[in-house]
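Overview (structure and organization)
In case you want the letters, here they are:
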Amino acid sequence: MKDFKTAIAEIISEKVAELSLDEIKEMLEVPQDSKMGDFAFPCFKLAKVMRKAPPQIAVDIAEAVSESGLFDKVEPVNAYVNIFLPKNEIAEETLRAIMEEGDAFGTTDKGAGKTVIVEYSSPNIAKPFHIGHIRSTVIGNSIYKIYKALGYDMIRINHLGDYGTQFGKMISAYRRWGNKEDVEKEPIKTLLGYYTKFHEEAESDPSLEEEARQIFAKLEKGEPEEVELWQWFRDESLKEFNRVYKMLGIEFDSYNGESFYSDKMPRFEKELEEKGLLVESRGAQVVELEEYGLGTALIKKSDGSSLYITRDIAAAVYRKETYDFYKNIYVVASQQMLHFQQLFKILELMGHEDVAAGCTHVPFGLVSLEDGTMSTRQGRVVFLEDVLTSAVEKTREIIAEKNPDAENIDEIAAQVGIGAVIFNELSNNRIKDYTFKWETVLNFDGETGPYVQYTHARCASLLRRAGEDVISRAKDLGGIDYSHIASDNAHELIKLIYAYPSYVELAGEKYEPSVVTRHIIDIAQAFNKFYHDEHIITDNEDEKIAKIALVIATKTVIRNGLALLGIEAPERM
């Protein structure tokens, strides 16, 4: 597909020696109001070097480039050069690319030969997979899909929280109050009940905390009874987690969690010591990072037990040695920003600069409940599986009410209900905190997943009405009369479709799935305006073929965009 932005920058650079081609390309904008052109070049930056007022510079540049055969029209407006491209040329380039590339439209080979690891989801074993986990899970899954679309070799890691003092607490609680039958029947809810009871009892009996620490110490030493219980908790928890992952359509290449690195830590503890980085503090081992503004990193507790950061050092180096990653992306809540800053700095100080350089923390905002923050200890959580199931049930009710004769209601309800939950998570900037509200998540009106999915289904319906012969001729593009899709509505839609690949790249650069989400909302809205204002299945055969070509393009790009978010695109709704 022709890169109009680069072509425009090349033409301007011939007339503006003061700026490089890359600088000009970076400065080019797409006006929000299409009446201001397809692209606009601001001249403020040139005022100092050219010693002229920006509006005069705009006049001079517009005059200098107006003879270019690429432009339909060039207008100086205040300090901007507004550039209009021939509508038929944008339409032809866009539709040809879509018809040739299909599902691959929006993909590149930018990352060929480079491995990117994405660590995401990472729930704690024997604890609820609650609504708070959905953020890491769906943001990470979408980043994985976006980077895969950009041509990178991808590794998906679910770094399970399957180690630490909490397992001493869980084992202690199970031995005191648990039974096997209840755990096997409802593993997570039962174990959560034990965990909650442990903290309630520990408030009046602090000796329980010491008992838990001793049990975890036995687990670390590989005592058979403790290891057997820990393994059982892990296996039972994974059964529940995988049920939710299946609902979300999410898979992983590795479930290597914290426990996997327990036997790899001594190497790095020794390395820290040999490099003179370890300092004793109140019986504990720490790395002082005050001079870097990062406080003190606790490496080993006074009782000799390890911490997250020690395992994360081992994990980062193991991944580099195993996968030789280009990027190692951690999709973890913003609460852990200091932890990752400390981790990357320690890796650097240890001499693992190549490891640290490839590591990136992608933070996201927190989810809270309307009556306050979630607390696993107090048992105040909303289970993610309950949210997904409720979304599917509500969707089934809506479909049954509006279209009682619909086929495959269960399949569509799952696609739309779960899609609504995922879309809700990915529609806003990931760093924003938000309050979980059932009515918001399950609201299908407005700028939502179901709205975008319905637009896709509307396109599918139009194609069924048009018939295979018209679709075949539209895909061929040979005899298309582009004047039939030159209206303002059609042109706006075509420009948004043309821009889609650049938004996929931008989403990858920013680790921000909402860039894709917002863009496919814009495409859906532009299509629905085109659909409402114009007749598509017309008696004029040439007009119908041209418009059906645009419908095919719209359907394709919406499906591709939804796929990057981890959402299915139903053919009927």
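Relevant structure appears above.
The shown structure was predicted, so the numbers you read here are calculated from the model rather than taken from an experiment. (Residues numbered from 1 in each chain as written. Predicted model: local features only at pLDDT ≥ 70, side-chain atom pairs only at ≥ 80, totals over all residues. Heavy atoms only, no water.)

Our focus in this paragraph is the packing of aromatic side chains. For the structure on display, the rule yields 24 aromatic pairs. Seen from their ring centres, Phe44 and Tyr80 are 5.7 Å apart, and the 85 degrees between their planes marks the pair as edge-to-face. Of this pair, Phe44 sits in the loop between strand E1 (39-42) and helix H3 (47-50) while Tyr80 is found in strand E3 (residues 80-84), placing the two residues 36 residues apart along the sequence. Between the aromatic rings of Phe527 and Phe530, the centroid separation amounts to 6.2 Å while the plane-to-plane angle is 55 degrees, which identifies the pairing as tilted. Residue Phe527 and its partner Phe530 are both found in helix H22 (residues 514-533); the two are separated by three residues, about one turn of the helix. Residue classification places Phe530 among the buried residues on the basis of a relative accessible area of 0%. By the ring-pair criterion, three or more aromatic residues cluster together here, those being Tyr120, Phe129, Phe241, Tyr245, Phe252 and Tyr255. (Phe/Tyr/Trp six-rings, centres within 6.5 Å; stacked < 30°, edge-to-face > 60°. Helix = DSSP H or I, 4+ residues; strand = E, 2+ residues; numbered from the N terminus. Buried < 20%, exposed > 50% of the residue type's maximum accessible area, 1.4 Å probe, protein only.)

Next up on the list: the packing of helix H11 (residues 224-248) against helix H16 (residues 384-402). Direction vectors running N to C along H11 and H16 enclose 35 degrees, while the axes themselves pass 10 Å from each other. Crossing geometry of H11 relative to H16 is assigned as left-handed. From H11, Arg243, Val244, Met247 and Leu248 reach across to H16, where they touch Leu384, Glu385, Leu388 and Thr389. Classifying every residue of the contact of H11 with H16 by side-chain character gives five nonpolar, one polar and two charged. (Axes fitted to C-alpha atoms, helices over the stretch in contact; angles between N-to-C directions. Left-handed = near helix turned anticlockwise from the far one by under 90°. Contact = heavy atoms within 4.5 Å. Nonpolar A, V, L, I, M, F, W, Y, C, P; charged D, E, K, R; others polar.)

Attention now goes to the pairing of strand E4 (residues 115-119). For E4, the tally of buried residues reaches five of five residues, placing the bulk of the element in the interior. Both faces of E4 are covered, namely the face carrying Thr115, Ile117 and Glu119 and the face carrying Val116 and Val118. As judged from the five bridges shared by E4 and strand E5 (residues 153-157), these two strands associate in the parallel manner. By the bridge assignment for E5, Val116 is matched with Met154. When E4 meets strand E9 (residues 327-331), the two strands line up parallel, connected through four bridges. Across the sheet, residue Ile117 finds its bridge partner in E9, namely Asn328. (Pairing = 2+ DSSP bridges.)

All right, on to helix H4 (residues 54-65) then. Here H4 contains twelve residues, and its C-alpha end-to-end distance of 16 Å stays within 8% of the 16 Å for a straight helix at 1.5 Å per residue. Residues of H4 that are buried: Pro54, Ile57, Ala58, Ile61, Ala62 and Val65. Down the axis of H4, the sector holding all buried residues measures 135 degrees, keeping them to one side. Buried residues along H4 sit against helix H1 (4-15), E1, H3, strand E2 (73-77) and E3. (Expected span 1.5 Å × (residues − 1). Arc of directions from axis to C-beta.)

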